[in-house]
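Residues per chain, in single letters:
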Amino acid sequence: MTDSSSDCTYEEEYVFYKNRPHWKDVTPVPQDDGPNPVVAIAYTEQFREIYDYFRAILRSGEKSERVLELTNDAAQLNPANYTVWQYRREVLSHLKSNLSDELNYIGETISEHPKNYQVWHHRRVIVEWLKDPSKEMEFTNVILAQDSKNYHAWQHRQWVVATFKLYDLELEFVNDLLLKDVRNNSAWNQRYFVIIHTSGFTPNVIKNELEYTAGKIREVVNNESAWNYLRGIICHTESGNITSEEFIMKFCEDLYGTGCRCPYLLALIVDICEELFELGASDEIFSMQRALQVCDDLALEHDKIRKEYWKFISRRINQALLHRTTAA
Amino acid sequence: MDFNPKKHARYFLRLLNILPSHASNYDSTRLLLCFFAVSGLDLLDALDQLTPEKKEHIREWVYHLLIQAKESDGDDEVARWGFQGASTLILPPATGVIDNSEPYACGHVSMTYTGLGTLLILGDDLSRVNRKVVAAGVRACQQSDGSFCATLAGSECDMRFVYSAAAVCYILQDWSGMDVGLTTNYIMQSLVSHNFFQLLPGFTMIFLINHDDIFQSYDNAFAQGPGLESHGGHTFCAVASLSLMGTLHTMLSTRQLDGLRRWCMMRQESGFNGRPNKPVDTCYSFWVGATLKILDCYDLINKSENRSFTLATQDNITGGFAKWTSTDVEPLHTYFALAGLSLLKEPGLIEIHPELNLSQRTVEHLHKLHEQWTCN
């Protein structure tokens, strides 16, 4: 199934709880799986025993150092068991344990299971308790260095950045990531997140962002992330219209002039033509006739997988034209 | 490659019996695996391969996981009501000792959804479910920002549990399980990326939302929460929730719907990916496909490419589907690959209801129950 439990960590030195002198006072409690269980799991002996002891501890309510060890064992065998983590936090809190140590511990566990929700949640709670985000940027850097699109890591990072107002160096971080991989959609999203929470999309920022993004598109044209971002910026202009930005229109036309027929460019040209028509502005270059032609080009040559979609857009355009003619 | 439904039925039948020890990391969500198997068999029109006795065992096991109200329950207990994901925290009765374990055995919003779904597929009439109580358990998981956590016993909060909560409320026909306005707020904030309206309560912003000129989304799709990256799975959760709540077309303007359709359409390469510039993955044939279906434009996709990709991940020997052609089959991708093929109306599969992620046949059974509940 998935990576999971590493019984092998115990290999030779593993001592069952029933043979550990300092656990002698605890009677394990079995699971009640009903008379006819389904989707049963053929637990290993270790798994069964550790969870039998965990149930015994839940029942007795003991919160001690040895229970901390038990929750470690239980979590290693099934890091997705949120109750184990919850109980571990209660023990940590009860013992007033050193939370920096816990942060190191959970960091190691996350490195082993970087796409597990429960371990990231545990880290977040520990950071909340510590009220100290000083390790978080470096920690998420390491995880993102292994997988620059790990959603959990980004989610944690955004929470840290927003909660502790750590926006200052974030744009630099995003710039670096985009230098490494201009197709990293998570990095583009983080760019938007940072700007919206700091400078905002002021006219000046919009101008800079348009130029920056246009530059990135010229480097790698067939990059949906950058095109989406480009359109995202336009939403922040006064009118929110694509066609209110001369820059965009000229950018598209220049790129088209170089022979570029990337679907994202062509899609934007169709949208520009449609928008101008809706606004009642007539334009020789961005006309509805051109939109129809570009839809055909997309359907038949440049974006064949979306053939039916572009035919649908064509029909929509024809309807709009028909409606205008009838109305006139 | 040919579609091999018989092998997949056998895969699910094996899943219902026993899993190897390395499946232990599913131990706290066995009910989800049970749902995949039973709903998978339903889609394969192969429920008759379960003996009446086996069906009864499944029903009894699912009910074994349900925590309902007891007379002694106080306000703190409400949050516990619902289905647990497994029996890990079900202990034999204690004799002569105080049992402190009870508060940890909690319903889980997504497990409540899959538990109810499993029962419905098996033809159960949910008469043993106290609907008010289960709805109250779901409501207890809603946060002040409108999101839901899975369970009050230590969980993150996000769009997945918003969807589960909406599906449970719909199934129970009891919307006391959530503050619909607050839920809608959370969903819309995960689209708009701005936080202009975070301070406004409940319904206040609904009147502002449709105003295209005031604010727009960055790429027109939904994320796990506000500010996060748009994602095919979370977009399904958001769109299906709005649809189940009946607010999809009032909340999203024509321009937003067009943008959302475009974003979803752009996910197709052969199969579908979940985010721009990520590889295609079988489960998005359902997540994104079902979203397009809800948005009335599923027929615009390239069906043959989608089908070919999905079938390329099929294991012809063991049955099952994988995430990618290069990975091993597992239950989640097996189920969602079939759900995706069902959207394609693949022969041998029955049709799926896109919002509820249950077969149309099961949803018809549910709607009959709804009529009975209304009459009573």
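All of these numbers come straight from a predicted model, not from anything done at the bench.

Glancing now at the overall build of chain B. Each helix and strand counted, chain B has 15 helices and seven strands in total. Compactness check: chain B gives a C-alpha radius of gyration of 21 Å against a globular reference of 21 Å for 376 residues, within 12% of the reference. Across its three principal directions, the C-alpha atoms of chain B cover 65 × 55 × 45 Å. Looking at the 376 residues of chain B, the share that counts as buried comes to 65%. Within chain B, counting contacts between residues at least 6 apart in sequence, those at least 24 apart form 69% of the total. Between the mean site of the 28 positive side-chain charges and the mean site of the 40 negative ones, chain B shows a separation of 5 Å.

Our next topic: the overall build of chain A. A count of helical and extended segments in chain A gives 15 helices and one strand. Computed over C-alpha atoms, the radius of gyration of chain A comes to 28 Å, more than 25% over the 20 Å expected from 2.2 N^0.38 for 328 residues, which places it beyond the range of a compact globule. When its C-alpha atoms are laid out on the principal axes, chain A stretches across 90 × 50 × 35 Å. For chain A, the residues scored as buried account for 56% of the 328 residues in total. On chain A, the mean spot of the 36 positive side-chain charges and the mean spot of the 50 negative ones are 2 Å from each other.

Moving on, we come to helix H13 (residues 263–278) of chain A. All names here are of chain A. Look at H13: 22 Å from first C-alpha to last across 16 residues, which is about the 22 Å you get at 1.5 Å a residue. With 15 of its 16 residues buried, H13 lies for the most part within the structure. Looking one or two residues beyond H13, the residue adopting positive phi is Gly 280, at roughly 80°.

Turning to unusual backbone geometry, a few remarks are in order. With a phi close to 50°, A:Lys165 is a non-glycine residue in the positive phi region. The phi angle at B:Gln173 is positive, at roughly 50°, despite the residue not being glycine. Topologically, B:Gln173 is positioned in the loop between helix H6 (159–172) and helix H7 (180–192).

Residue and element names in this part refer to chain A. Here chain A is partitioned into domain 1 (167–240) and domain 2 (245–327). One C-alpha centre belongs to domain 1, the other to domain 2; they are set 24 Å apart. Contact residues are listed per partner, giving 14 residues for domain 1 and 12 residues for domain 2. When the buried area of domain 1 at its contact with domain 2 is split by residue, Leu 210, Trp 227 and Arg 231 rank highest and sum to 39% of it. Counting across the domain 1 and domain 2 interface gives one salt bridge. The shortest N-O distance in the salt bridge between Arg 231 and Asp 271 comes to 2.6 Å. Counting across the interface, domain 1 meets domain 2 through one residue pair in polar contact (both at pLDDT 80 or more). When contributions to the side of domain 1 that touches domain 2 are tallied by element, the ones reaching two or more residues are helix H10 (203–219) and helix H11 (224–234).

It is worth spelling out empty space enclosed by the protein at this point. For the structure on display, the rule yields five cavities of 30 Å³ or more. Taken as a whole, the largest cavity spans an internal volume of roughly 120 Å³. Residue lining of the largest cavity: A:Asn81, A:Tyr82, A:Thr83, B:Ser28, B:Gln84, B:Gly85, B:Ala86, B:Thr88, B:Leu89, B:Tyr104 and B:Cys106, and that is the complete set. A per-class count over the lining of the largest cavity returns five nonpolar, six polar and no charged.

Our next topic: the interface of chain B and chain A. Across the contact, 79 residues belong to chain B and 80 residues belong to chain A. Interface area, chain B with chain A, both sides summed: about 7100 Å², of which 54% is carbon and sulfur. The three residues of chain B that bury the most area against chain A are B:Tyr104, B:Tyr218 and B:Arg262, which together make up 12% of that side's buried surface. For the pair chain B and chain A, the number of links is five salt bridges. The salt bridge involving B:Arg30 is made with A:Asp33; its shortest N-O contact spans 2.8 Å. The interface formed by chain B and chain A includes 43 residue pairs in polar contact (both at pLDDT 80 or more). Grouping the amino acids of the side of chain B that touches chain A by side-chain chemistry returns 31 nonpolar, 29 polar and 19 charged.

Moving on, we come to the packing of helix H12 (residues 246–257) of chain A against H13(A). Residues and elements named next belong to chain A. Contact geometry of H12 with H13 gives a least axis separation of 10 Å together with a crossing angle of 135°. The angle between the axes of H12 and H13 places the two elements in the oblique class. When the axes of H12 and H13 are compared, the crossing they make is left-handed. Residues Ile 248, Met 249, Cys 252, Leu 255 and Tyr 256 of H12 touch H13, and the partners they reach there are Leu 265, Leu 266, Leu 268, Ile 269, Ile 272 and Leu 276. Of the residues contributing to the contact of H12 with H13, the split by class is 11 nonpolar, no polar and no charged.

Turning our eyes to something else, we now look at the UniProt feature "domain: Prenyltransferase alpha-alpha toroid" (unreviewed entry) in chain B. Under the local residue numbering, the UniProt record ascribes the feature "domain: Prenyltransferase alpha-alpha toroid" (unreviewed entry) to residues 3–190 and 216–358 of chain B. In this annotation, residues 3–190 of chain B is assigned 46% helix and 5% strand; the end-to-end C-alpha distance for the span is 38 Å.

The next thing to look at is the side chain of A:Ser225. Within the secondary structure layout, A:Ser225 lies in helix H11. Classification of A:Ser225 as buried rests on a relative accessible area of 0%. Only 2.8 Å separates the side chain of A:Ser225 from the side chain of B:Asn277, close enough to count as a polar contact. Residue contacts for A:Ser225: discarding those within four places in its chain leaves A:Arg183, A:Asn184, A:Asn185, A:Trp188, B:Tyr218, B:Pro276 and B:Asn277.

It is worth spelling out the side chain of B:Ser147 at this point. All names here are of chain B. Mapped onto the elements, Ser 147 comes out in the loop between helix H5 (131–139) and strand E4 (148–149). Within the structure, Ser 147 has its side chain in polar contact with the side chain of Asp 145 (distance 2.8 Å). Setting aside chain neighbours within four positions, we find Ser 147 in contact with Cys 141, Gln 142, Cys 157, Asp 158, Val 162 and Tyr 186.

About the thresholds
- Residues numbered from 1 in each chain as written.
- Chains lettered and ligands numbered in written order.
- Predicted model: local features only at pLDDT ≥ 70, side-chain atom pairs only at ≥ 80, totals over all residues.
- Heavy atoms only, no water.
- Helix = DSSP H or I, 4+ residues; strand = E, 2+ residues; numbered from the N terminus.
- Rg over C-alpha atoms; globule rule 2.2 N^0.38 Å.
- Buried < 20%, exposed > 50% of the residue type's maximum accessible area, 1.4 Å probe, protein only.
- Contact = heavy atoms within 4.5 Å.
- Lys, Arg positive; Asp, Glu negative; His and termini not counted.
- Charge placed at Lys NZ, Arg CZ, Asp CG, Glu CD.
- Expected span 1.5 Å × (residues − 1).
- Domains from an automatic or database assignment.
- Buried area = accessible area lost by both parts, 1.4 Å probe.
- Salt bridge = Lys/Arg side-chain N within 4 Å of Asp/Glu carboxyl O.
- Polar contact = N/O pair within 3.5 Å; in protein donor to acceptor, adjacent residues only side chain to side chain.
- 1 Å grid on protein atoms, 1.4 Å probe; cavity = no way out; pocket = protein on both sides within 12 Å on 5 of 7 lines; lining within 4 Å.
- Points joined across faces, edges and corners; volume = space filled by probe spheres on them.
- Nonpolar A, V, L, I, M, F, W, Y, C, P; charged D, E, K, R; others polar.
- Axes fitted to C-alpha atoms, helices over the stretch in contact; angles between N-to-C directions.
- Parallel < 35°, antiparallel > 145°, perpendicular 65-115°, else oblique.
- Left-handed = near helix turned anticlockwise from the far one by under 90°.
- UniProt positions renumbered as here; feature names shortened; annotations may be inferred.

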